[in-house]
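A structural walkthrough
For reference, the chains in residue letters:
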Amino acid sequence: MQRFLQRYTWLILLAGALIQILTGIPSAWGTFQKPVVQAYEFSEQAAGYGFSILLASYGIGCAIGGFFQDKCGPRKAAFAGTALLCAGVALGGITPAGQPWLFYLAFSVPAGVGSAFLYPAVMSCAQKWYADKKGLATGVIGGAMGLSGLFLTGFVGLFTKGIWQSFGIRGAFLGLALCMLPICLVGSFLLQNPPEDTKQNTKKQTGLAPKQMIRTANYWYLAGAVALSTPAVQLFSPILVEMGAQRGLQEGQALWAVMLGSMGNAVGRLSMPLLSDKIGRKNTDQILFAALAVFSVCFWFAPGWWMIAVYVCLTVCYSGLAAVLPAFATDLFGMEHAGINYGLLALGQTVGSLSFPLLADALGLKQGRHALAAAAALAGFVVIRRVQTEKRQKPDVDAEKS
């Protein structure tokens, strides 16, 4: 298999892209929110927490999945992720109405963890095959993840407003699980790390072990930045259609915010890693955090279609930050433990995904959510400036022995 992949290296990117197109449920949650509220008899807040728990589970799953794929390889990690994801999505289709906590346990947790097992397996494997073009590998995989929202919006629409509307959102969950299973299984089978003697892998992979990484200031700055990037988009994704209606858009028009936001997600994930190859990861992240702060303020007041335009800009910045993270992590901490190190950084998403919605609800924030998002983006800018990029720290041999 390795010889075959050495000849057709592009298959790694294709497999990863196909997997990610099917697994980006968070980027399309605005499409799921209203049908879930209606079919499962949830309040808007309860359905929104389903989204937050999905994202939080993704962060935790990245840490577990990263460790798994470093120990067992990307193929086994991806197979495990496929099983969890497909089971969670299928269970979401049969969960009884009126029981949000059962929905969280049956759908949000396994789907989030399963997606997270797949992402570091795909991303780490692609970066190893394209060690000299990490921005390209990150961009292609990330761009596919962004396009996932566009695909899922259309897919769910077929079951809630289109030719299969008699099946509703439950049918959409079950149909999605059936689509995911064969594609993710085949894609997972193709994931295999390159052999030691490949051209892409001629440089010995070295880097910090996880326990060394978490003792560095850079780890805490970068994980904090991940947490601070979340509210600019995630505080509003579940209520995006409702916001559009409040600002003068019809429901069908408001759905354009979800679809165009997914396109913005793809643009950010594809372009920002490539930009970071040119101007550096830190500079790119500083620009993106500054833009998040500006657009968060604009989003506060933007009416109608302007709201959609600003939201697209927010998704470009947010997804760009997420897409640059894997390459930033390997620049700072090395490739040797890339999977688990990326997963530990993704725990910042768990913290941000849970803490900011809970804080906004505890403070009774409605319009004030925009101020919270802008403040978090400014804090993220400050935190990123603290990251030291001049020289990657070498493993502490004495600490490792101890």
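Residues numbered from 1 in each chain as written. Predicted model: local features only at pLDDT ≥ 70, side-chain atom pairs only at ≥ 80, totals over all residues. Heavy atoms only, no water.

Moving on, we get to the overall build of the protein chain. On a plain count of helices and strands, the protein chain comes out with 18 helices and zero strands. Against the compact-globule benchmark of 21 Å for 402 residues, the protein chain has a radius of gyration of 20 Å, which places it among compact chains. Principal axes of the C-alpha set define a box for the protein chain whose edges measure 55 × 45 × 35 Å. The buried share among the 402 residues of the protein chain stands at 57%. Considering only contacts within the protein chain whose residues lie at least 6 apart along the sequence, 84% involve residues at least 24 apart. Within the protein chain, the 17 negative side-chain charges are centred at a point lying 4 Å from the centre of the 29 positive side-chain charges. (Helix = DSSP H or I, 4+ residues; strand = E, 2+ residues; numbered from the N terminus. Rg over C-alpha atoms; globule rule 2.2 N^0.38 Å. Buried < 20%, exposed > 50% of the residue type's maximum accessible area, 1.4 Å probe, protein only. Contact = heavy atoms within 4.5 Å. Lys, Arg positive; Asp, Glu negative; His and termini not counted. Charge placed at Lys NZ, Arg CZ, Asp CG, Glu CD.)

Of all residues in the protein chain, 93% attain a pLDDT of 70 or more, and the chain-wide mean is 85. Mean pLDDT across the secondary structure elements of the protein chain bottoms out at helix α18 (residues 397-401), with 44, and peaks at helix α14 (residues 281-301), with 95. (pLDDT = per-residue confidence, 0-100.)

The next subject is the pattern of salt bridges. One pass over the structure, following the stated rule, counts three salt bridges. A salt bridge links D331 to R281, with the nearest nitrogen and oxygen atoms 2.6 Å apart. Of the two residues, D331 sits in helix α15 (residues 304-333) while R281 sits in helix α14, which places them 50 residues apart along the sequence. For D331, a relative accessible area of 30% gives the class partly exposed. (Salt bridge = Lys/Arg side-chain N within 4 Å of Asp/Glu carboxyl O.)

Helix length check: helix α16 (residues 338-362), at 25 residues, gives a terminal C-alpha distance of 37 Å against a target of 36 Å (1.5 Å per residue), a fit within 8%. Residue G364 follows α16 closely and has a positive phi angle near 65°. (Expected span 1.5 Å × (residues − 1).)

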